[in-house]
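# Secondary and tertiary structure notes
Listed below, chain by chain, are the residues.
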Amino acid sequence: MLSELPHVGERTARAILWRCAQRGHGLAAFFHLPAQVLRRDFVLPEAALRCLDQHLEAHRRRCEWLSAQLLACGGAAWTLLDPDYPERLRRWSHAPPIIFTAGTPCALERSTLALLHSRTPTEQTVALVSLVVERAARAGFAVVTSNGKAAYRLVGVASRALSARRIVVLDRGLFSALGPSLARDPCTNAAPNEGVFRTDLQWICSPFRLLDHAVPRNGRRRDAIVGALADVILALHARPGGEIERVCLEALDEGRPVLSWHGENPALVAAGAVPVGENDLNCLGRFAPGSP
């Protein structure tokens, strides 16, 4: 119900959650507050106030229908106030206030590696991505990827081929990416009858509304969450001044290891990224948290 309020984005949703926590009640109580309290204690867009004051029952019925569809397919919705919200995201200062999920979160219990590439993939990239994913899986990593750019999809396809655990961050709503039964493979668009990737090997999440379609501005948010979920980032290519470089620099600021393929980005290396080559792929585990 919170995510579907008109003109309520992440910043407003986060403020509502924290205000509810300060008042000592859960989010459900927010929807029973009188209009004068909502105006006095919560900074809400006029359209959201109108929805809560004049159309609350219609809003509730629509959201109950969406929730029923989500739960029937094994999906879930978590807020920052929920105990099931992933701790590795909760610790991040830009954590999404609401995430929608499918699959099983057991991949989050492993060390995670994101393979990032800001160029258009070449034939050599395809082979390299498959090699990195295979070595990462062998070292016990779950790979973090997305359904958006071609480079992300290559990681998703490789992890599927190798039956490696993966975490997929969507650039659109859960239903938009996976279909009404949440059965489509987000990285290959495989239909349910085309051998969907095993749900016990993947966890899929989205900070976007269930029915939202992809728009260009979603890419920046998607990239940031991919980076935030990764214990280790391997940048095959990071364009100077681009989004991938920004994600890598933020990870370095937070003390997480960033690996730069052959040191091709001097700015990342100067900031603390470790240049690596093919021989280093045999010992990726040494970069995992807690490794000696």
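Above this note sits the structure.
Let us look at the structure shown here. Residue numbering note: each chain is counted from 1, following its sequence as written. Owing to the predicted nature of the model, reporting of local features is limited to residues with pLDDT of at least 70; listing and counting of side-chain atom pairs is limited to 80 or more, with chain, interface and lining totals taken over all residues. As a rule here, side-chain values come from all non-hydrogen atoms in the structure, and water together with hydrogens is ignored.

### Concerning the packing of aromatic side chains
What counts is decided by this rule: Here a pair means two rings of Phe, Tyr or Trp (six-membered ring of Trp) with centres within 6.5 Å. Their orientation is stacked below 30 degrees between planes, edge-to-face above 60, and tilted elsewhere. In this description a helix means any DSSP run of H or I spanning at least four residues, a strand means any run of E spanning at least two, and both kinds are numbered starting from the N terminus. Each residue's exposure class comes from its accessible area (1.4 Å probe, protein chains only) as a fraction of the maximum for that residue type: buried when under 20%, exposed when over 50%, partly exposed otherwise.
Scanning the model with the defined rule gives three aromatic pairs in all. Centre to centre, the rings of F30 and F42 are 5.0 Å apart; their planes meet at 70°, and the pair counts as edge-to-face. On the criterion of sequence distance, the pair formed by F30 in helix α2 (residues 27-30) and F42 in the loop between α3 (35-41) and α4 (46-54) is long-range, its members being twelve residues apart. Just as F30 is buried, F42 falls in that class too. Grouped by ring-pair contacts, the aromatic residues F30, F31 and F42 constitute a single cluster.

### Structural notes on the nonpolar core
Short version of the rule: Put simply, a nonpolar core is a bunch of buried Ala, Val, Leu, Ile, Met, Phe, Trp, Tyr and Cys residues held in one set by side-chain atoms that sit within 4.5 Å of each other.
With 71 residues, the main nonpolar core has L2, F30, L116, L174, L229 and I233 as its most contacted residues. With five residues, the top contributor of residues to this core is helix α11 (residues 243-253). Counting residues in hydrophobic clusters, the runner-up holds 21 residues, among them A158, V232, L281 and A288.

### Description of empty space enclosed by the protein
Counted only if it meets this: Computed over the protein atoms alone on a 1 Å grid, cavities are sets of points where a 1.4 Å probe fits but cannot get out and pockets are open sets with protein on both sides within 12 Å along at least five of seven lines; a residue lines them when it has an atom within 4 Å of a point. Grid points are joined across faces, edges and corners, and a volume is the space filled by probe spheres set on the points.
Using the criterion set out here, one finds one cavity of 30 Å³ or more in the structure. The computed volume of the largest cavity comes to approximately 40 Å³. The wall of the largest cavity is formed by W92, A224, G227, A228, V247, E250 and R256. Looking at the lining of the largest cavity, the elements with two or more residues in it are α10 (218-228) and α11. Among the elements that take part in the lining of the largest cavity, α10 stands out by supplying three residues, more than any other.

### Here we look at the pattern of salt bridges
Keep this limit in mind: Any Lys or Arg side-chain nitrogen located within 4 Å of an Asp or Glu carboxyl oxygen qualifies as a salt bridge.
This model, assessed by the stated rule, comprises 21 salt bridges. One salt bridge connects R220 with E243, and the closest N-O pair in it is separated by 2.7 Å. Of the two residues, R220 is situated in helix α10 and E243 in helix α11; the sequence distance between them amounts to 23 residues. Taking relative accessible area as the criterion, R220 reaches 46% and is therefore assigned partly exposed. One salt bridge in this structure joins R256 and E254, with 2.7 Å as the shortest N-O distance. Several salt bridges share partner residues, and in doing so they unite D171, R172, R222 and D223 into one network.

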